[in-house]
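Observations on the model geometry
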Amino acid sequence: MAGFTAVILAAGEGTRMKSGIPKVLHKVCGYPMLFHVINSAKKAKADKIVVVVGKGAGEVKKAFQDEGLEFVLQAEQKGTGHALLQAKEAVKGSENLIVLYGDMPLIEPDTIERLFEFHIERQPAATVLTCIFDNPYGYGRIIRENEKVIAIREEKDASEEEKLIKEINSGIYCFNTEKVFSALKKVRNDNRQGEYYLTDVVEILNSEGEEVLAFKVENSDEVQGINDRVQLSKAQTIMQRKIIEALMKEGVTFINPESCVVDMRVKIGRDTVIYPNVVIEGETEIGEGCTILGNTVIRDSKIGNNVEISASFIAESEIGDGAKIGPFANLRPGTKICKNVKIGDFVEIKNSSIGEGTKVPHLSYIGDAEIGEKVNIGAGVIFVNYDGYKKHKTVVKDKAFIGCNSNLIAPITVEEGAYVAAGSTLTKDVPSKALAIARAMQENKLGWVEKRKKLFEGGEN
């Protein structure tokens, strides 16, 4: 079976979004809405994908520069018919094309495939993807003569009788390439908008004796376009539900799915339990048997098996099997946590590796460090890594013990089995199995409080 070229119209200004960001770059489940359309076209086995861009063309091209697409510019937004015309040269050599929209992210690959298969089987000049809407307001109505589509009437141009029709035009079409561009030459802009409607091609093809058919999709969610933030939110809700339900069917437990945010590329192993108010973003992978407790955010990270995370923020980090994180830990980019590590409350770690079995229970900052196995980091320990110009590295080797409220001023190495006394500020390396004490000698001044009291009381008299 011959293939098709997908032409995605993504040049709209999106004024109702009230945003400086091009409309098709607004995200749904972690990725721009245009990404979802491109992804569906690829999964539907499009031979080629052409994207028609307009406002913010540079930003859109940059966002998708590695996707193997061809971009064409619609410098002036003169309607959907005019937009498709801009792709005429780009689709040369394609017998059939399918028109998609960059603001319609819920369209499924299977729907695109079935539309194309129907078109190839019946061989009309055009096939229109339609749907039944209980409230069709704002959509073009399908005017039928038996199974043939003889016209599509836009809301602003429809008669009162035509407005009662519930079968709507999704805006998605499969065309014979040669025939649609021949018809587009005859489209006029004598309508209330002064635009060149792609819908007018249907009447032109009918007038030339060509056949136009409808292919009806049952799920109206798929053809919901996004024009404002309200519709963006609805699309997010629909797609989010599908993502989480798919994960649940694979053995993941969500205590309260409606309260969670999970991006489309997230992977979660079976028997993992996700509690309410968890956000999992980007390319995150979570292993089996994990427990992710509420108010946790995980972004672009890899989590091993049997990990417990509570009320923490984790970004671009790696966590090994059996680790316990939080509550209120902040793992910043470049953090690598090995097996069976404990990272407790109010601990911040950045660009550091923490060896197997090490404990950082609470109230510490670790930056640009390499910490070995079975190390104990006491409360309030600070790895002083920045001198105002450059970052410096701290190395703490296996089985070392760092006492509470110590400052390790990098660059510095604490050798294997060494101890650092609580309250120390270290500027020199600590040898293996040595005790480092770097604090002022304690002095107790007996009777000092009474003397001070008498001094101040005497001054007031």
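Look up: the structure comes first, before these words.
About the thresholds
Residues numbered from 1 in each chain as written. Predicted model: local features only at pLDDT ≥ 70, side-chain atom pairs only at ≥ 80, totals over all residues. Heavy atoms only, no water. Pairing = 2+ DSSP bridges. Helix = DSSP H or I, 4+ residues; strand = E, 2+ residues; numbered from the N terminus. Buried < 20%, exposed > 50% of the residue type's maximum accessible area, 1.4 Å probe, protein only. Core = buried A, V, L, I, M, F, W, Y, C linked by side-chain atoms within 4.5 Å. Contact = heavy atoms within 4.5 Å. Polar contact = N/O pair within 3.5 Å; in protein donor to acceptor, adjacent residues only side chain to side chain. Phe/Tyr/Trp six-rings, centres within 6.5 Å; stacked < 30°, edge-to-face > 60°.

This part covers the sheet that holds strand β14 (residues 267-268). Spatially, the 9 strands line up as an open sheet ordered β14-β17-β20-β23-β26-β29-β32-β35-β38, and their pairing is parallel. Unpaired on one side and paired on the other, β14 and β38 (412-414) mark the two borders of the sheet. Of the pairings in the sheet, the one linking strand β23 (residues 318-319) to strand β26 (residues 336-337) comprises 2 bridges and is parallel in character. Counterpart to I319 in the pairing with β26 is I337.

Here we come to the pairing of strand β7 (residues 126-132). Among the 7 residues of β7, 6 are classified as buried, and the element is accordingly described as predominantly covered. Note: β7 against strand β10 (residues 167-176), 6 bridges, orientation antiparallel. Looking at the pairing, A126 lines up with F175 of β10. The pairing of β7 with strand β11 (residues 212-216) spans 5 bridges and is parallel. Across the sheet, the residue bridging to T127 is L213, located in β11.

Another aspect to go through is the nonpolar core. A general feature of soluble globular proteins is that nonpolar side chains tend to end up buried together. Formed by 133 residues in total, the largest nonpolar core has its most connected members in L84, F175, I319, I325, I337 and I343. With residues up to four places along the chain from it excluded, the contact list for I325 reads E308, I309, S310, S312, I314, I319, L331, I337 and I343.

Right, let's get into the side chain of T177. With respect to the helices and strands, T177 occurs in helix α5 (residues 177-184). Here the side chain of T177 touches N96 through a polar contact of 3.4 Å, landing on its backbone nitrogen.

So, on to the side chain of E167. Counting through the fold element by element, E167 comes out in strand β10. A relative accessible area of 8% means that E167 is categorised as buried. Of note is the side chain of E167, whose polar atom sits 2.8 Å from the side chain of T130. Residues within four places of E167 in sequence aside, it is in contact with T130, C131, I132, G140, R141, I142, R144, A214 and K216.

What the rule picks out here adds up to 7 aromatic pairs. With a centroid separation of 4.9 Å and 50 degrees between ring planes, the pair formed by F4 and F116 is classed as tilted. With F4 in the segment before β1 (5-10) and F116 in helix α4 (residues 109-122), the pair connects residues that are 112 residues apart, well separated along the chain. Here F4 matches F116 in class, with each residue buried. Ring centres of Y173 and F175 lie 5.1 Å apart, and the angle between their planes is 20 degrees; on these two criteria the pair is classed as stacked. Exposure class is identical for Y173 and F175. Each is buried.

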